[in-house]
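Architecture and fold: a report
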Amino acid sequence: MINRILRALGIGSWIACILVLAYQSLNWVINASWPTLTMMDASQALLGIDLISLINSLPFEFAIKTTYILITTELSIALWWIGVVFFGLTFVSKIMFSK
């Protein structure tokens, strides 16, 4: 059961990665510019989460590191790595919980 969920989440994140890259490619073909979509942009525009107020509640060192990661990490790369993590967890759970 958990393996199916983890595998579905991995596939979903890779599909989202492909959709982000398709949007960026289409924008590049139409407008001749590659739009940068960072994790910060996606969280604010798509999810409506105000990360700045959440970051303010963190200690200073963690706030700086979190801000740096959210501003510099491309959304497509983050989604690809999230998919890798979910598939890795699927593999580990099969090893640990298989009968």
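Structure's up top.
These notes cover the structure that comes with them. Everything numeric in this text was worked out from a predicted model, so none of it was measured.

This model, assessed by the stated rule, comprises three aromatic pairs. Measuring from centroid to centroid gives 6.3 Å for Trp-14 and Trp-80, while their planes differ by 15°, and the two rings are stacked. Note that Trp-14 is positioned in helix α1 (residues 2-31) and Trp-80 in helix α5 (residues 75-97), a separation of 66 residues in sequence. Look at Trp-80 and you get partly exposed, because its relative accessible area is 38%. Linked through ring pairs, Trp-14, Trp-80, Trp-81 and Phe-87 together constitute an aromatic cluster.

Bringing α5 into the picture now. Taking 1.5 Å per residue, 23 residues should reach 33 Å; α5 reaches 32 Å between its end C-alpha atoms and fits that length. Listed in full, the buried residues belonging to α5 are Leu-75, Ser-76, Ala-78, Leu-79, Gly-83, Thr-90 and Ser-93. Where α5 is buried, its residues touch α1 and α2 (39-45).

Thresholds, definitions, all that
Residues numbered from 1 in each chain as written. Predicted model: local features only at pLDDT ≥ 70, side-chain atom pairs only at ≥ 80, totals over all residues. Heavy atoms only, no water. Phe/Tyr/Trp six-rings, centres within 6.5 Å; stacked < 30°, edge-to-face > 60°. Helix = DSSP H or I, 4+ residues; strand = E, 2+ residues; numbered from the N terminus. Buried < 20%, exposed > 50% of the residue type's maximum accessible area, 1.4 Å probe, protein only. Expected span 1.5 Å × (residues − 1). Contact = heavy atoms within 4.5 Å.

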